[in-house]
Every structure is written in C-alpha cells, then in structure tokens.
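The lines below spell out each chain.
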Amino acid sequence: MILFDSHCHLDDKSYNRDIEDVFSRAAREGVLAQMLVGIDLETTQKAIALAMDRPNVITSAGIHPHYAAKCSQELLNTLMGLARENPCIRAWGETGLDFNRMHSPRADQEKCFCAQLGIAGALNLPLIFHERDSNGRFYDILKTDGPKDRKGVVHCFSGNKEEMFKYLDLGYYIGITGIVTILKRGALLRELAPLIPEDRLLIETDAPYLTPSPVKNKVRRNEPAFVKYVLLKLAEVRKTDPERLSKVIFNNTQQLYGTDFEI
C-alpha cells in the first residue's frame, strides 16, 4: 500500500522526544507523504520547521475555531506572509466552526472563518475544514460565501448522511479518521463510507488524537504510521482491494494539495 496521511499534528509536544522515530515508522508502513496542519501561528511555524529538508512533508497555515477569539488582522497577515514565503504550505486551515466546546464565541468563530475563506481564495490554496455541532451554519456559510470551484476537505467527518452529501455536492473531499475503526463510535461512519465517491475519499490520523483500533488498546498516542488501519477498514467496508484503494486515495490527496510526489 501507498499512504498519505492527509491531516496530522506532529507539532504536538508528545512527539518532542521521538519525532525522528515517528517519521521512520511512518516510512516503514508505506506512508509516503504527510500533511502537518497548523491551527495557530505557533503550530504553523513548528510545522514549517518540521517540513524543512523533508520533501514528502507538507504543511498548512490557519486558525482553528477554538482560537478564533484571538484572530486579528495582524495575525492573519503574518500567516499569509508565511504562506507566501514557504512552498511547503499547500493548504489553508484548519478552520471552520465548533459550537460544541465553544472555546471562542460564535460571532468570533464566524468572523474568523469567513476571513480565512477569503484568504485561501486570494492565495489559491485549498481549505482544511473543521466542523462540529454547527447545526447547519457551517454549510450555509460555505454555500453562500465563495466560488463554486473552491477546493477543500471536511476533516474528520463524523456527521450524518444528509450533511455528507451536502459537502459532496459542494465539491469537497471527505476525510476519514480512525473513528471508522471504533466499534460503537464508528458504526454510522462505516455505514456512510461506502456511499462516498471513490475520488472524494481521503484518510487521516489527526494524530496525536483518534488512535485507531487495533492499536488503540496498546498505545494512547496516534501517529502517521497508524493511518494504514484507517485504509484497511475503509477497504473492508467498501469491499475493495486495499492496495488499489490506497493508490486512489493517495492520488486524491495529491489532487487536493497540488503535490506531485512519486509513487
């Protein structure tokens, strides 16, 4: 199999002691490329540093909805500058709405989200979306604010069938995490996964979070090497060959992020 972890957070402090081993294990498991996602200025800068001298590692820049209250034009300008200066930045985000934990007020989240949609358009970068419990507001903004040819992925999709098809109708990719491997929590996702068009599928770890089964019972921290378990479960529920599906999803991810890694 050839694998592309389309969303991980290797800037997390849990990797400080063994980051080189993390990259090595990923390579041994066939993970040929990784997207390190920024959620604020500090994580974006650290992701850029990790991507240096690693041609198979790309990054994004953005402000997560949890930090929307701190979103300012100065901060956005700084992130835009990083995106223009660093070719490793191939997407904008993680951005969106999270009305579950409400770390930032709703008004701040919406303002920050809309500003970042405009920035991604100006920079011609695809978007990495975060959505949780927005009760349709996330979709309404995407539907009314921006061009129809906007590229993006709904990261860590865990919604319902109606929401999934709405995102697909807008042309977005669907990011599948280790949730699909979890017995109870992933039941609905396993029902929906076969309905996603093959050319709209991405796989991700969201590491260090959402460790998939069967390694979930052995280690707490997720890492890119474990994205293979997401692929294997997807192939199982879609009743298709894992090796073939891995190539399709690898190419999908390259299409989204505009990369040309050799297979």
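Here the structure is a predicted model, which is why all the values come from computation and not from measurement.

K.L.:
Would you explain the environment of R84 in this entry?
P.N.:
In this fold, R84 is placed in helix α3 (residues 73-85). For R84, a relative accessible area of 56% puts it in the exposed group. Residues R84 and L123, 39 residues apart in the sequence, show an inter-C-alpha distance of 7.9 Å.

K.L.:
Which parts of the structure should I look at to understand the pattern of salt bridges?
P.N.:
Should the charged atoms of two oppositely charged side chains come close, the side chains can pair. Under the defined criterion, the tally for this structure stands at eleven salt bridges. Where R106 meets E110, a salt bridge forms, and the shortest distance between an N and an O atom there is 2.9 Å. You can see R106 and its partner E110 sitting in helix α4 (residues 106-123), four residues apart, about one turn around the helix. A residue is classified by how much of its surface remains accessible, and R106, at 44% relative accessible area, is partly exposed. Residue E110 is classed as buried on the basis of its relative accessible area of 14%.

K.L.:
Where do I start with the packing of aromatic side chains in this structure?
P.N.:
The description of an aromatic ring pair uses the distance of the two centres, along with the angle that the planes make with each other. This structure, assessed with the given rule, holds ten aromatic pairs. Where F129 meets F138, the ring centres are 5.5 Å apart and the plane angle is 80°; that geometry is what we call edge-to-face. For F129, a relative accessible area of 0% translates into the label buried. Summarising the aromatic geometry, the rings of F226 and Y229 are spaced 6.4 Å apart at their centres and angled 50° between planes, so their arrangement reads as tilted. Just as F226 is buried, Y229 falls in that class too. These aromatic residues form a ring-pair network of at least three members: F113, F129, F138, F157, Y167 and Y172.

K.L.:
Is there a simple way to explain a positive patch on the surface in this structure?
P.N.:
Taken together, the side chains of R101, R132, R185 and K216 make up a positively charged region of the molecular surface. Position of R185 among the secondary structure elements: in the loop between β7 (173-176) and α7 (187-192).

K.L.:
Explain the environment of H9 to me, please; I cannot follow it from the model alone.
P.N.:
By secondary structure assignment, the location of H9 is in the loop between β1 (3-8) and α1 (19-28). Between the C-alpha atoms of H9 and D140, which are 131 residues apart in sequence, the distance is 28 Å. Reaching out from H9, the side chain makes a polar contact with the side chain of H7 at a distance of 3.1 Å.

K.L.:
In this structure, what is going on with the state of the cysteines? I would like to understand it.
P.N.:
Each disulfide consists of a covalent bond between the sulfur atoms of two cysteine residues. Under the criterion given, the structure shown has zero disulfides. The cysteine C8 is free of any disulfide, with C88 supplying the nearest cysteine sulfur at 13 Å. Take C88: its relative accessible area is 16%, and that puts it in the buried class.

K.L.:
Can you help me understand unusual backbone geometry in this one?
P.N.:
Comment: phi is negative for the bulk of residues other than glycine, and the bulk of peptide bonds are trans. A cis amide bond, omega 15°, links A207 with the succeeding residue P208. Of note, the phi angle at D53 is positive, near 65°, even though the residue is not glycine. Here D53 is to be found in the loop between α2 (41-51) and β3 (57-61). Here D53 falls in the exposed class, since its relative accessible area comes to 80%. Despite not being glycine, D133 shows a phi value in the positive range, around 55°.

K.L.:
Any chance you could explain the nonpolar core here in plain terms?
P.N.:
Among soluble globular proteins, nonpolar side chains are generally buried collectively. The biggest cluster of nonpolar side chains holds 68 residues, and the ones touching the most others in it are L10, W92, F129, I174 and I176. The contact partners of F129, leaving out residues within four places of it in the chain, are T95, F113, L117, F138, L142, R150, G152, V153, V154, H155 and Y172. Among the nonpolar cores identified, the runner-up in size contains 15 residues, and F4, V153, Y173 and F250 belong to it.

Parameters and conventions
Residues numbered from 1 in each chain as written. Predicted model: local features only at pLDDT ≥ 70, side-chain atom pairs only at ≥ 80, totals over all residues. Heavy atoms only, no water. Helix = DSSP H or I, 4+ residues; strand = E, 2+ residues; numbered from the N terminus. Buried < 20%, exposed > 50% of the residue type's maximum accessible area, 1.4 Å probe, protein only. Salt bridge = Lys/Arg side-chain N within 4 Å of Asp/Glu carboxyl O. Phe/Tyr/Trp six-rings, centres within 6.5 Å; stacked < 30°, edge-to-face > 60°. Patch = residues over 30% accessible without salt bridge, like charges linked within 9 Å, V, L, I, M, F, W, Y side chains within 5 Å. Areas by Shrake-Rupley, 256 points an atom, 1.4 Å probe, with all protein chains shown as cover. Lys, Arg positive; Asp, Glu negative; His and termini not counted. Charge placed at Lys NZ, Arg CZ, Asp CG, Glu CD. Polar contact = N/O pair within 3.5 Å; in protein donor to acceptor, adjacent residues only side chain to side chain. Disulfide = S-S within 2.5 Å. Core = buried A, V, L, I, M, F, W, Y, C linked by side-chain atoms within 4.5 Å. Contact = heavy atoms within 4.5 Å.

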